[in-house]
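# Observations on the three-dimensional arrangement
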Amino acid sequence: MTTMTAWMKIRRSRGKRNSTMTFQMVTSRRKDTRKRKRDFSSPMSPRDPSQEVRQEAVKEALAQYQSRPKNLPLPSKRSSVMTARSPDRHHRDSDSEDSDEDSVTAEGSLGSSGGHSGSQGTPEVTRTPLLLPPPQVPSHSGMGTPGSSSGSSHHTPPHPMQQKQQQPLPPIPPHSNRLSNGEDDERTRRELSEMTDLMRNITSFPQPPDVTNNTGGGNNRPPRDDRITRYSGLAPGRQSSSDSDGWRDALYNFPENWRGTGRWKVSNKIQQLLNTLKRPKRRPLPEFYLDDEEDLEIAANPKDPNAPKPEGMVMTPARGEQLVIPAGLPRSVEDAVYRYGSSSGYKAPVATILDANGKLSVSLTYGKLLSRSQKMAYNLLTRLGGRGEGNVMPGDRVALVYPNNDPVSFMCAFYACLQAGLVPVPIEVPLSRRDAGSQQIGFLLGSCGVSVALTSEACFKGIPKTSAGEVVSFKGWPKLTWFITDHLPKPPKDWQIPPRHSDDSAAYIEYSTDKDGSVKGVVVTRSAMLAHCRTLTSACNYTEGEVAVCVLDFKREVGLWHSMLCSVFNGMHVIFIPYSVMKVNPASWMQMITRFKASIAIVKSRDLHWGLLATKDHKDVSLQSLRLLLVADGANPWSLSSCDQFLAVFQSKGLRPDAICPCASSPEALTVSVRRPGHGGANAVGRGVLSMQGLSFGVVRVDQENSLTSLTLQDCGQVLPGAMIVVIKLEGVPFLCRTDEVGEICVAGGAVGDQYWGLQGMTNNTFKVQPLLLDSTPMNGTSTYVRTGLLGFLGPGGLVFVCGSRDGLMTVTGRKHNTDDIIATVLAVEPMKFIYRGRIAVFSHKVLRDERICVIAEQRPDCSEEESFQWMSRVLQAVDSIHQVGIYCLALVPPNHLPKTPLGGIHLSETRKKFLEGSLHPANVLMCPHTCVTNLPKPREVHHGNYVGPASVMVGNLVQGNRLASAQGRDMGLMDDEDGMRRHPQFIADILKWRASTTENHEILTLLNSKGQVATSLTCAQLHKKAERVGCLLLEKGHINTGDHVALIYPPGVDLIAAFYGCLYVGAVPVTIRPPHPQNLQSTVNTVRTVVDVSKSSIILSTLTVIKLLKSKEEKFDSGKKWAPILDTDDLPKKRLPSIYKAPTPEMIAYLDFSVSTTGMLAGIKMSHGAATSLCLSMKVACELYPSRVVALCLDPYCGLGLALWVLSSVYSGHQSILIPPGEVELNPSLWLSAVSQYKVRDTFCSYGVMELCTKGLGSSITALKQRGVNLSCVRTCVVVAEERPRVQLTSSFSKLFSGLGLSPRAVSTSFGCRVNVAICLQGASSPDPTTVFVDLRSLRHDRVTLVERGAPHSLCLMESGKLLPGVKVVIANPDTKGQCSDSHLGEIWVQCNHNASGYFTVYGDDGTSNDHFNAQLVTGSTGEVYARTGYLGFLRRTESVQADGELHDAVFVVGALDETVILRGMRYHPIDIEMTVMRCHKKISECAVFSWTNLLVVVVELDGAEYEALDLVPLITSSVLEEHQVIVGVIVVVDPGVVPINSRGEKQRMHLRDGFLADQLDPIYVAYNM
């Protein structure tokens, strides 16, 4: 196929049009270009637009999906979200400037306006949508009634059927309708059948108690209650023997028959989502690719071997005929004003304006135009308004700021600037500081050096002003002098117009907007302006005295060129119809043609459509005089049907077929082509039926007329006289295209733009293009071409066909799609009554190396949730079937929420900007990453056949020179040479008695209150005596036996410590338990009950205040069981123990340590006397703790290292401990740091919660603290006690913030401990500084450790978790094979030392997998040694630092808990990494947590903002996680602040959150299920 006729069918048109020749639609200006046959032999009777748009292509595409089961999960949304409105939005009435065609007031065929449907006097019933699947869902799928997740109140019935909304007026609370018994039974049966398969695979998980909890938290977070009954009201009940993991159903507050009634709505919807994702797709996904930058790029741009390729010859330039300038034309545009204004016909009108009442209100004659323009020119150059404010010089740029209903003032000002030699820059009137694109306009004015703005008096009054009466400062705008062009003095008679400027000087600057919203000023020289006027005069056959009707914006592009320049150049009369008039009377432009017998009309396809809808005005319309109907947007695909339908209706009214003249234009190249009225020849009119698949590959191919994927294009006329057109390739070097290839149209000639003002580089790329032949040689001729930004090709006879624009081009997976085509398909989806037709924005943004298509539309206020979701589902199906491309995001916003242009159109770049920054506030969102993203990294493969064992791995590492991961602290036996310490008693209770006798007056404990005052202090003797009294109480009243367990339920303080040693004195085993919170007894009392029961405590010791809580009336929340005997230690017997119990062996249990892991496992570990003493010795040696030291503790004393520091360490080492309860710091954030400064503390320990409180609460108080004398230079070590990966960002922020108080950045470090060993790493006094490394995130997913440079892509900063304590040995082992890893592998940290726990006393809900936690053995290397498994993943790295013993330091890096890792597609993800990405998405996200469920990633975010902002988060979270982690988010849950459970250590309890989510107990604001 080498000729144009071989690849394209061109239909000629010279009069009557064949009824089968075209495929027409009566729709809005955005028309679908799919074909629909229609017989136009009879006059058209306009019907409802939603019934008109029914095209065979979309109908057949959707029909293919009818047979498929549709079980898509509907998003869960609170009713309050649906009635919420953004406070920064104001409702606009029907006269507001928007581009919605359906809102035009017309009779019955139109229906009521979208913004005013329904009765204004009828109260509104607020709609709460029914969370139902689309109607096509089979009956067995259930109706999906909303659970508590969709209610806005905790008092809402659990399964209401909400009433439908009638019309949005002031909201009233939603009504709740219970289903009738029969409906309820039927729904239960449906849910039961649907949930049967799902429940087979679901294991219920409980909410074990969190004994690490603390008193109420701050920062708008509710008290951190215990998690055991967070989502239930029942106490721990019977154990379900059928649950494989041993969890309890009662903890969920499930009814007895919950498995049979389908109450798990969330699980139901997730199963629907999984079923949807499992369906076979029509287009198979390509294979997965490696997680590599280059491979990801290749995957996003695949090369299809079957893609069509261009086969035509290399094109030659299409030349227009020679420009013949008609005789008698003025020499210049300025001369035209003088000629017509000073001749005998000076009273001839040049412009007339139609007012809102349809009357001709203002008229301007050529004489007035001449006098007013000269008057303005004089005042501009001399007096600048007569106020002596300065002068402007010829060549200066001035802004023209006039409203769209005042073309007369604009015309006078424009020609005044031309006469004065000034360069006008027409811009829109700024109505507010938030105008869409206003900032970019300001940048344009600043770059052009504009300092003066011309405006009318009426317009100036409407510009926003300050209280002082001055114009407000618009963002990005330069300071302007506002010059009122009304009521100016006349110039003196001897004043002469300045001499004419050179032809190369700038005549005016017209702004052009890029795809990203940036504004550039296109300079049009005087010679180009004159050439353009002459060319259009020749092409359109303009003559003097003709009457034209203009509906377009007269300040830009086609409206400016024809109604302002060519009309004056030819002495014509223009009737301007403002946009506001068109909204009221859409047929006004046709009425003006009839009344004035106008021969020219300048319109858009939108105006043709509006004219069709105004049927009542058709009878009086006569278009016989019209010879030129210029369609300004004729290059858009949707204009075809408007033109054809308009001709079909109004041909009987005298409209000639050849009068309709589409044109193509751009700000850079001005007019590109125009169909010329009466221009003869065989190729006067053409249209082609093209394959959209071919166009997506940039190739022109003919398609069948009945094809679903064809595109019908009309020509945009021929090359203009005196111009040349070529088509060049879209990307790279500007090679010429072949004749059947789509490229960018370029124009050469005199009537084109000259440059971008001040942008030389972009000017060379756009205005000075030199096309090249395929052999890279320049094309013959010396002409340079200008890029038009239009995509298309040339047909026979020089016909120009435009199929899109560069700004609207979207390249998705190597194929090109145009936004206009997508819009056209969206508009063809029935029913259209749910959205506004002219308010659709389509754009793309790059995610994971590929463009993703987003569709944003405004939905009507009377559209329900189900209707919106149903329509969105049909749009997805239609676009996928017709364009073979998936929509990434489809969002619907409330009416009048999309940013608008001054004339009411959608401001695309501003819409895109708001979408990407999360400020668009959509009402409905549907994300489809599962179906769109086809270039994910290759999944991790499991080798089943050729299994490589751990021994082979170890040998391979040795061969490669990799060091096996093993490290240990200093030897314990060689470090403590103190003779006195060697004579110490062996166990901790004996040590206290020894200190009480040797240093009885040494103050060992000091407890501070919130004011920083000493609440209690104890010396060694006082502590010993108090412990003895507790022991006597246990013996006398508790009748305790040796080995009995005693529960200690105390607030943080010295009473807890005394009770602890009192238990040891009598041989009892203490169990420290956090007391219940008075504000949250329902869950915290049950937590205490559970720990008491699980620990088998026979006695409870507490204070009177806590005992009252335990026995108060709020105990009704408990199960009703009796407490164990409770003893009050406030009134102790003043007796001495006859003897202190001494454990016979070091292996005897000293105390039990209960806590809840982040995965929700309640575990109690056994700490022996020998382990407790060994732990204290390790900390003493590492931190150099001696009796002369002072240590400040600001952490909880109930478990882990906090318990050891509060209770054991000071007694063993003899140092003074300043005890600061974290609850007091919440009341006074400066308490901890003030105490550290006051007592000159060298070593202090805190939790992340305390550090965060100080960082957030004292950020603005550094100066005040310094004035109070707070000095932290004394601090040597500030250790954060944690059982997690170090929070580098928080510790760095803390160090930087308080460096002003003298805190050394080297002082802040972290520790690491876990259940099996509470203190593995701890920053010592003389240890090397903490080491920080950067590792590759992608390698971590494959359990590899790759060090990268700071700032490298995908880098993750990790800080070591302190130094290994003396006597501690760790190895890194593969958690599956138990083989020893090398330094380059991520593995589980195994620990061996004397202070390991002896074992679990009990694991609440254990499934038997914890049996080997304390006696694990390697299968390679030292196989005989026994280790304890920490359950945390990490790695070792040898540093250059030297330890005190002269050895190189081995740093331990903790990455995350093994049980919390998320395995997706064979790769391991750590929740904290994904959560950090989510936190950066949006400023309103206050907290987040992630977990997986049924291989779907679930993200829960807390919204610290209004509920209407919830849906903004969904696209941002999906895109950010996909971009940074190459994983698709399955479910996004938006909740209120404080929902994510966090324990006192500041660790998120993700499994509790997961349980609450699946039990439908979170009351989320919104739940999105990504498709």
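For every chain, the first residue of the written sequence is number 1, and numbering continues from 1 onward in sequence order. This being a predicted model, a pLDDT of at least 70 is required before a residue's local features are given, and a value of 80 or more before pairs of side-chain atoms are given or counted; all residues contribute to the totals for chains, interfaces and linings. Hydrogen atoms and water are omitted, and side-chain values are computed over all heavy atoms in the structure.

Only DSSP runs of H or I with at least four residues qualify as helices, and only runs of E with at least two residues qualify as strands; both kinds are numbered from the N terminus onward. When its secondary structure is counted, the protein shows 43 helices and 59 strands. A burial count over the protein gives 62% of its 1571 residues as buried. Contacts: residue pairs with any heavy atoms within 4.5 Å of one another. Sequence-distant contacts in the protein: of pairs separated by 6 or more residues, those separated by 24 or more amount to 77%. Per-residue accessibility takes into account occlusion by the displayed protein chains alone, with areas from the Shrake-Rupley method and a 1.4 Å probe. Carbon and sulfur atoms form 50% of the exposed surface of the protein, whose accessible area is close to 57100 Å². Relative accessible area decides the class of each residue, using a 1.4 Å probe on protein chains only: under 20% of the type maximum gives buried, over 50% gives exposed, and in between gives partly exposed.

Disulfides are defined as pairs of cysteine sulfur atoms found within 2.5 Å of each other. The full count for this structure, using the stated rule, is zero disulfides. Looking at C643, it has no disulfide partner, and the nearest cysteine sulfur is the one in C716, 9.6 Å off. For C1393, which is in no disulfide, the shortest distance to another cysteine sulfur is to C1314 and amounts to 9.8 Å.

Throughout, the protein atoms alone are placed on a 1 Å grid, and a set of points is a cavity if a 1.4 Å probe fits but cannot get out or a pocket if it is open with protein on both sides within 12 Å along at least five of seven lines; lining residues have an atom within 4 Å of a point. Grid points are joined across faces, edges and corners, and a volume is the space filled by probe spheres set on the points. Under the definition given, this model contains 17 cavities of 30 Å³ or more. In this structure, the largest cavity spans a volume of roughly 220 Å³. Contributions of two or more residues to the lining of the largest cavity are made by α20 (692-696), β28 (815-818) and α23 (865-883). Partitioning the lining of the largest cavity into residue classes produces nine nonpolar, seven polar and three charged. Classes in brief: Ala, Val, Leu, Ile, Met, Phe, Trp, Tyr, Cys and Pro nonpolar; Asp, Glu, Lys and Arg charged; the others, Gly included, polar.

Let us look at the packing of helix α9 (residues 333-342) against helix α11 (residues 407-420). Axis angles are defined between N-to-C directions and span 0 to 180 degrees, where every axis is a line fitted to C-alpha atoms and, for a helix, only to the segment in contact. α11 packs onto α9 with a crossing angle of 110 degrees between their chain directions and a minimal axis gap of 9 Å. With respect to α11, the axis of α9 lies roughly perpendicular. Between α9 and α11 lies a crossing whose hand is left-handed. Facing α9, whose interface residues are V333, E334 and V337, α11 presents Y415, L418 and Q419. Taken together, the residues that form the contact of α9 with α11 break down as four nonpolar, one polar and one charged. For this classification, under 35 degrees means roughly parallel, over 145 means roughly antiparallel, 65 to 115 means roughly perpendicular, and everything else is oblique. Less than a right angle of anticlockwise turn of the near helix away from the far helix marks a crossing as left-handed, whereas a clockwise turn marks it as right-handed.

We count a salt bridge whenever a side-chain nitrogen from Lys or Arg sits within 4 Å of a carboxyl oxygen from Asp or Glu. As enumerated under the stated definition, the model contains 45 salt bridges in all. In this structure, a network of salt bridges that share partners links the residues E1460, E1475, E1487, K1548 and R1550.

Here the aromatic set is Phe, Tyr and Trp, taking the six-membered ring for Trp, and pairing holds for ring centres within 6.5 Å; pairs whose planes are under 30 degrees apart are stacked, those over 60 apart are edge-to-face, and all others are tilted. In the structure shown here, the tally under the stated rule is 26 aromatic pairs. Each ring, one from F460 and one from W482, has its centre 6.2 Å from the other, and the planes form 55 degrees; the classification is tilted. Separated by 22 residues along the polypeptide, F460 in helix α13 (residues 457-462) and W482 in strand β10 (residues 481-484) bring together distant segments of the chain. Centroid distance F1060 to Y1061: 5.7 Å. Interplanar angle 75 degrees. Geometry classified as edge-to-face.

The next thing to look at is the sheet that holds strand β16 (residues 628-631). Taken together, nine strands build an open sheet; the order of strands is β6-β5-β14-β13-β15-β16-β17-β18-β21 and the sheet is mixed. Each edge of the open sheet is held by one strand with a lone partner, namely β6 (360-365) and β21 (718-719). Here, any two strands with at least 2 DSSP bridges between them count as paired. Of the pairings in the sheet, the one linking strand β17 (residues 660-666) to strand β18 (residues 670-674) comprises four bridges and is antiparallel in character. Across the sheet, residue S666 finds its bridge partner in β18, namely L670. Running at roughly 110 degrees to β17, helix α15 (residues 557-569) makes contact with β5 (349-354), β13 (547-550), β14 (573-576), β15 (600-603), β16, β17 and β18 of the sheet.

Attention now moves to the nonpolar core. Residues W871, L1497, I1517 and F1557 are the most contacted members of the largest nonpolar core, which totals 120 residues. Sort the elements by how many residues they give to this core and α23 lands first, with eight residues. Aside from chain neighbours lying at most four places away, what touches W871 is V826, V829, E830, P831, M832, F834, I835 and L892. Core analysis: the next-biggest nonpolar cluster, separate from the first, contains 106 residues, L565, F569, I602 and M779 among them. Each nonpolar core is a collection of buried residues, namely Ala, Val, Leu, Ile, Met, Phe, Trp, Tyr and Cys, held together in the definition by side-chain atoms within 4.5 Å.

For the rest of this paragraph, the subject is the sheet that holds β10. Paired through their backbone hydrogen bonds, the strands of a sheet run either parallel or antiparallel. Spatially, four strands are ordered β8-β7-β9-β10 in an open sheet, and the strand pairing comes out parallel. In this open sheet, the two edge strands, each paired with only one partner strand, are β8 (423-427) and β10. Taking the axes of each pair of neighbouring strands and ignoring which way they run, one obtains an average angle of 30 degrees across the sheet. Judged from the four bridges that link them, strand β9 (residues 452-455) and β10 form a sheet pairing that is parallel. Bridge pairing in β10 places T455 opposite I484. On top of the sheet, α11 reaches β7 (397-401), β8 and β9; it is set at about 175 degrees to β7, its chief contact.

Moving on, we get to unusual backbone geometry. We note that L670 has phi near 60 degrees; this positive angle belongs to a residue other than glycine. One non-glycine residue, N1495, adopts positive backbone phi at about 65 degrees. Position of N1495 relative to the elements: it lies in the loop between β56 (1485-1493) and β57 (1496-1503). Take N1495: its relative accessible area is 67%, and that puts it in the exposed class.

Right, let's get into helix α31 (residues 1081-1094). Compared with the 20 Å implied by 1.5 Å per residue over 14 residues, the 19 Å span of α31 between its first and last C-alpha is a close match. Of all the 14 residues making up α31, twelve are buried; the element is thus mostly covered by neighbouring parts of the structure. For α31, the set of buried residues is L1081, S1083, T1084, V1085, N1086, T1087, V1088, R1089, T1090, V1091, V1092 and V1094. The first or second residue beyond α31 is K1096, which carries a positive phi of 60 degrees. Every helix has an expected span of 1.5 Å times one less than the residues it contains.

Looking now at the packing of α11 against α15. With their axes 12 Å apart at the nearest point, α11 and α15 run at an angle of 60 degrees to one another. With respect to their mutual orientation, α11 and α15 come out oblique. The chirality of how α11 crosses α15 is right-handed. Where α11 approaches α15, its residues P407, F410, M411, F414 and Y415 are matched on the opposing element by L560, S563, M564, L565 and V568. Here the residues of the contact of α11 with α15 sort into nine nonpolar, one polar and no charged.

Here the focus is the environment of E1524. The residue E1524 is located in helix α42 (residues 1513-1525) in this model. Taking the C-alpha atoms as reference, E1524 lies 7.5 Å from T1477; in sequence the two are 47 residues apart. Among residues more than four places away in sequence, those in contact with E1524 are R1341, H1354, T1477 and R1480. A distance of 2.8 Å separates polar atoms of two side chains, one belonging to E1524 and the other to R1480. Definition of a polar contact: a pair of N or O atoms within 3.5 Å, with one able to donate and the other able to accept a hydrogen when the atoms are protein atoms, and with sequence-neighbouring residues admitted only if both atoms are side-chain atoms.

Right, let's get into the pairing of strand β37 (residues 1069-1073). In terms of burial, β37 is largely enclosed, as five of its five residues are buried. Of the two faces of β37, the one lined by V1069, V1071 and I1073 and the one lined by P1070 and T1072 are each fully buried. The pairing of strand β36 (residues 1045-1049) with β37 spans five bridges and is classified as parallel. Directly across from H1045, in β37, lies its bridge partner V1069.

On to helix α24 (residues 908-917), then. Those residues of α24 that fall on the buried side of the exposure criterion are S909, E910, T911, K914 and F915. Structurally, α24 contributes buried residues whose contacts are with β11 (506-513), β29 (835-847), β30 (850-859), β31 (887-893) and α42. Remark: G918 follows α24 within two positions and exhibits a positive phi of approximately 75 degrees.

With that settled, consider the confidence of the model for the protein. Of the residues in the protein, 77% have a pLDDT of 70 or more, and the chain-wide mean is 78. For every residue, the predictor reports its confidence as pLDDT, a number between 0 and 100. Within the protein, helix α2 (residues 49-52) has the poorest average pLDDT of any element, 33, and β37 the best, 95. This model gives residues 1-54 a pLDDT under 50, and the stretch forms 175 contacts once residues within four places in sequence are excluded.

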